[in-house]
Amino acid sequence: MSRSEVPSGGPEADEYDVIVIGAGPVGENVADRAHASGLSALVVENELVGGECSYWACMPSKALLRPVAALSDARRVAGAAQAVDGGLDAVAVLERRDGFTSNWQDKGQVAWLESTGLELLRGRARLDGPRRIAVETHDGTVRTLTARHAVAVCTGSRAALPGIPGIEEARPWTSREATSAKEVPGRLAVVGGGVVGVEMATAWQALGSEVTLLVRGDRLLPRMEPFAGELIAEGLTAAGVTVRTGVSVEELSRPGPDGPVTLSLSGGGRLECDEVLFATGRAPRTDDFGLETVGCEPGSWLSVDDTLRVTGVHGGWLYAVGDVNGRALLTHQGKYQARVAGAAIVARAAGVPLLETDRWGAHSATADHDAVPQVVFCDPEATSVGLTVDEAERRGLRVRAVDVELGEVAGASLYADGYRGRARMVVDLDREVVAGVTFVGPGVGELLHSATVAVAGEVPLERLWHAVPSYPTMSEVWLRLLEEYRG
Ligand SMILES: Cc1cc2nc3c(=O)[nH]c(=O)nc-3n(C[C@H](O)[C@H](O)[C@H](O)COP(=O)(O)OP(=O)(O)OC[C@H]3O[C@@H](n4cnc5c(N)ncnc54)[C@H](O)[C@@H]3O)c2cc1C
Ligand SMILES: NC(=O)c1ccc[n+]([C@@H]2O[C@H](COP(=O)([O-])OP(=O)(O)OC[C@H]3O[C@@H](n4cnc5c(N)ncnc54)[C@H](O)[C@@H]3O)[C@@H](O)[C@H]2O)c1
């Protein structure tokens, strides 16, 4: 037991100013904010400190994907391409991935908690009425703890599996296996054309699997502008992935424990594979969590206001931050919410009469509505922030889409021979500000933050005209977009 871990059963420490349930990236940040402002804070964690993101999501998936991009980048530049021989070294990639997860040990993250002075209790927490939680600790005892000011639920999400006949016996991969597998399956079927589906299809195809991506809708990445899914499908197909749209899995069968899986598909077809990954969305970790003891629906996404306080809970002491509130299932957005929630908890504990809850105020997670950035790390990369044309129109905004082929930008043509990529700026015509941006192409991930600043800053287009991009970088796409808009 490390210095900061709380011994179970200690009667002296059963009351804290703030109790945080879940030590993922979000819980860590809520607790850190509260503690740094002088409140006592306890963090309860049932598995590994660092959460899904560190061990089975962002970090291992990006460790699998970075070598794919590095190799593709070299192959797209004459002169460098000649130096590239063969594909990825799968063993080396998996070993590097293992390094990023610290071999699924959380010593490093516990050391960070210790260094901040936060207390950690290992065990499974459940709500137990107003301001109370009961924790089943890893030694089997149950501790009841009380929060003076706030309980923050930061329990994240898990993979959601559809109720298809045979799915349990087929023992499908979820995002956990897809990010932690130690061997490369010969044939991998991936079900779902969302972010996990396209990223993991990209990674495992490059590592040597023969990947079939099964998408029930008519396009990939349906939450982005349609051209994103088109360019990603093109990239996946060029890499050797079989992309099938308009197809659903109706049944699975895996007769032998280690044998192949057969998928029965809509329309009568069958597909045999060695492993099948279901990347079909997420469910909140709120089942068997005592939500009924505080008047909430067990198993539900926790609905919150913009200070991240759960709506409809008497006394206003319960917060839900990160994936578990379903607002934006992204680490950076959850950490942003954690900063806002932390500030709100501290202000309320100090008795501040009026919080800054107006739009873009210090106690309002406004960006969740208008400026959520996302980078999908496939090849090419797909990125977006703010609203698509479709979303803007559904909100009743009068918008214009401005499109530019990225390959026409000097910096992009230097980045890769025959550069393929596209940019779209969605302009709010009444305010003449940028409501949303999508960039798709190799290397655009690092470009996205410029768009996030423009969208969150509501920078007028006439001022953006004075933000001069360096020549010859890909950022000159901004100049092309503005020129196209001004005509
Ligand atoms: C394959 C994959 C790749 C992803 N890649 C990215 C990416 O590149 N960039 C990005 O921004 N986002 C990415 N995401 C999303 C990102 O992982 C999540 O948004 C992020 O992990 C949410 O953080 P969190 O702290 O809310 O929850 P989590 O990281 O899920 O942490 C919750 C913690 O709470 C603990 N817990 C749960 N219930 C209890 C309980 N009852 N008692 C005690 N402890 C409990 C859990 O053990 C866990 O440690 C990815 C997701 C997946 C699946
Ligand atoms: N790079 C990143 O930022 C990154 C990477 C991975 C995951 N994430 C986050 O994790 C979350 C989860 O990702 P995800 O891909 O699991 O969810 P998702 O919601 O992005 O995509 C799931 C897809 O599966 C489809 N689907 C659902 N049920 C199905 C069924 N029965 N059969 C076939 N298809 C079905 C849905 O239509 C959807 O397109 C996302 O919200 C994403 O923000 C982010």
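Residues numbered from 1 in each chain as written. Chains lettered and ligands numbered in written order. Predicted model: local features only at pLDDT ≥ 70, side-chain atom pairs only at ≥ 80, totals over all residues.

Student: I keep staring at the overall build of the protein and nothing clicks. Help me out?
Tutor: Helices and strands together make up the secondary structure of the protein, namely 15 helices and 20 strands. Each principal axis of the C-alpha atoms in the protein carries an extent, and together these give about 70 × 65 × 45 Å. Per-residue burial over the protein gives 47% buried out of 487 residues. Partitioning the contacts of the protein with sequence separation of at least 6, the portion at a separation of at least 24 is 66%. (Helix = DSSP H or I, 4+ residues; strand = E, 2+ residues; numbered from the N terminus. Buried ≥ 20, exposed ≤ 12 C-beta atoms within 10 Å, placed from the backbone. Contact = placed C-beta atoms within 7 Å.)

Student: Mind showing me how you'd approach the domain arrangement of the protein here?
Tutor: Splitting the protein by domain gives domain 1 (11-50 + 106-158 + 284-367), domain 2 (167-280) and domain 3 (380-486). Taking only C-alpha atoms, the centre of domain 1 and the centre of domain 2 are 35 Å apart. (Domains from an automatic or database assignment.)

Student: Looking at this structure, I do not really get the packing of helix 1 (residues 25-36) against helix 9 (residues 331-349). What am I missing?
Tutor: Describing two packed helices takes the angle between their axes plus the distance from one axis to the other. Two numbers describe how helix 1 lies on helix 9: the axes approach to 8 Å, and their chain directions differ by 25°. One element, helix 1, and the other, helix 9, form an angle in the roughly parallel class. Relative to helix 9, the crossing made by helix 1 is right-handed. Between helix 1, through P25, V26, N29, V30, R33 and A34, and helix 9, the contact on the second element is made entirely by T331, G334, K335, Q337, A338, R339, A341, G342, A343, I345 and V346. Of the residues contributing to the contact of helix 1 with helix 9, the split by class is 9 nonpolar, 5 polar and 3 charged. (Axes fitted to C-alpha atoms, helices over the stretch in contact; angles between N-to-C directions. Parallel < 35°, antiparallel > 145°, perpendicular 65-115°, else oblique. Left-handed = near helix turned anticlockwise from the far one by under 90°. Nonpolar A, V, L, I, M, F, W, Y, C, P; charged D, E, K, R; others polar.)

Student: Which parts of the structure should I look at to understand the site of ligand 1?
Tutor: Inspection of the region around ligand 1 gives 36 residues, with G22, G24, G51, G156 and G322 positioned closest. When residues of the shell around ligand 1 are traced back to their parent elements, those giving at least two are helix 1, strand 2 (41-45), helix 2 (51-56), helix 3 (58-75), strand 3 (119-127), helix 6 (175-180) and helix 9. Two domains each provide a minimum of three residues to the shell around ligand 1, namely domain 1 (11-50 + 106-158 + 284-367) and domain 2 (167-280). (Near = placed C-beta within 6 Å.)

Student: I tried to follow the sheet that holds strand 16 (residues 374-376) on my own but got confused; where do I start?
Tutor: The strands making up a sheet associate through backbone hydrogen bonding, with each pair oriented either parallel or antiparallel. Spatial ordering of the open sheet is given by 16-17-20-19-18, a layout of 5 strands whose pairing is antiparallel. Strand pairing shows two members of the sheet lacking a second neighbour, strand 16 and strand 18 (399-405), which therefore form its edges. Taken pair by pair, the neighbouring strands of this sheet meet at an average axis angle of 10°, ignoring direction. Pairing between strand 19 (residues 422-428) and strand 20 (residues 433-441): 7 bridges, direction antiparallel. Residue pairing in the sheet places R424 in a bridge with T438 of strand 20. (Pairing = 2+ DSSP bridges.)

Student: Honestly, the UniProt feature "domain: Pyridine nucleotide-disulphide oxidoreductase dimerisation" (unreviewed entry) in the protein in this entry has me stumped. Any pointers?
Tutor: Feature annotation in UniProt places "domain: Pyridine nucleotide-disulphide oxidoreductase dimerisation" (unreviewed entry) on residues 372-478, given in this structure's numbering. Secondary structure over residues 372-478 splits into 25% helix and 30% strand, and the C-alpha atoms at its two ends are 19 Å apart. (UniProt positions renumbered as here; feature names shortened; annotations may be inferred.)

Student: Just checking my understanding: could you explain the site of ligand 2 for this structure?
Tutor: Taken together, 23 residues sit near ligand 2, with P162, G192, G194, V196 and T280 positioned nearest. Elements with a contribution of two residues or more to the shell around ligand 2: helix 7 (195-207) and strand 16. The element contributing the most residues to the shell around ligand 2 is helix 7, with 4 residues. Grouping the amino acids of the shell around ligand 2 by side-chain chemistry returns 11 nonpolar, 9 polar and 3 charged.

Student: Help me out: how do you make sense of unusual backbone geometry in this one?
Tutor: Backbone geometry follows two general trends: most residues other than glycine have a negative phi, and most peptide bonds adopt the trans configuration. Geometrically, the link from D379 to P380 is a cis peptide bond, its omega value of 5° lying close to zero. Structurally, P380 can be placed in the loop between strand 16 and strand 17 (381-386). We note that S102 has phi near 50°; this positive angle belongs to a residue other than glycine. Within the fold, S102 resides in the loop between helix 4 (90-100) and helix 5 (107-116).

Student: Can you help me understand the nonpolar core in this one?
Tutor: One broad rule of soluble globular proteins: the nonpolar side chains tend to lie buried together. Counting residues in hydrophobic clusters, the biggest one holds 146 residues, and the most contacted among them are V18, I19, A152, V190, V276 and Y319. The element best represented in this core is helix 7, accounting for 9 residues. Apart from the residues lying within four places of it in its own chain, the contact partners of V276 are A170, P172, W173, A189, V191, L252, V261 and L263. (Core = buried A, V, L, I, M, F, W, Y, C linked by C-beta atoms within 7 Å.)

Student: Could you clarify how one ought to interpret helix 1 in this entry?
Tutor: Think of an α-helix as 3.6 residues a turn; residues three or four steps apart then line up on the same face. Given a rise of 1.5 Å per residue, 12 residues ought to cover 16 Å, and the 16 Å separating the end C-alpha atoms of helix 1 matches this to within 8%. Turning to helix 1, its buried residues number three or more, namely P25, V26, G27, E28, N29, V30, A31, D32, R33, A34 and H35. Here the buried face of helix 1 lies against strand 1 (15-21), strand 2, helix 2, helix 5, strand 5 (142-153) and helix 9. Trailing helix 1 by a residue or two, G38 shows a phi angle of about 100°, which is positive. (Expected span 1.5 Å × (residues − 1).)

Student: I keep staring at the packing of helix 3 against helix 4 and nothing clicks. Help me out?
Tutor: Interhelical geometry of helix 3 versus helix 4 gives an angle of 145° and a closest axis separation of 9 Å. Both helix 3 and helix 4 take part in a crossing whose hand is right-handed. Where helix 3 abuts helix 4, its residues M59, P60, A63, L64 and P67 lie against V93, R96, R97 and F100. A per-class count over the contact of helix 3 with helix 4 returns 7 nonpolar, no polar and 2 charged.

Student: Help me out: how do you make sense of the environment of A347 in this one?
Tutor: On the secondary structure map, A347 appears in helix 9. Once the C-alpha coordinates of A347 and S37 are considered, the two residues, 310 residues apart in sequence, prove to be 9.7 Å apart. Apart from the residues lying within four places of it in its own chain, the contact partners of A347 are V352, L355 and H363.

Student: I tried to follow the sheet that holds strand 13 (residues 275-278) on my own but got confused; where do I start?
Tutor: Read across the open sheet, the 4 strands follow the order 9-8-7-13; overall the sheet is parallel. Both edges of this open sheet fall to strand 9 (242-244) and strand 13, since each of them pairs with a single strand only. With strand direction ignored, the average angle separating the axes of adjacent strands in the sheet is 15°. Examined bridge by bridge, strand 7 (residues 187-191) and strand 8 (residues 210-214) share 5 bridges and lie parallel to one another. If you follow L188 over to strand 8, its bridge partner there is V211. Lying on the sheet, helix 7 is in contact with strand 7, strand 8 and strand 13; it crosses strand 8 at an angle near 165°.

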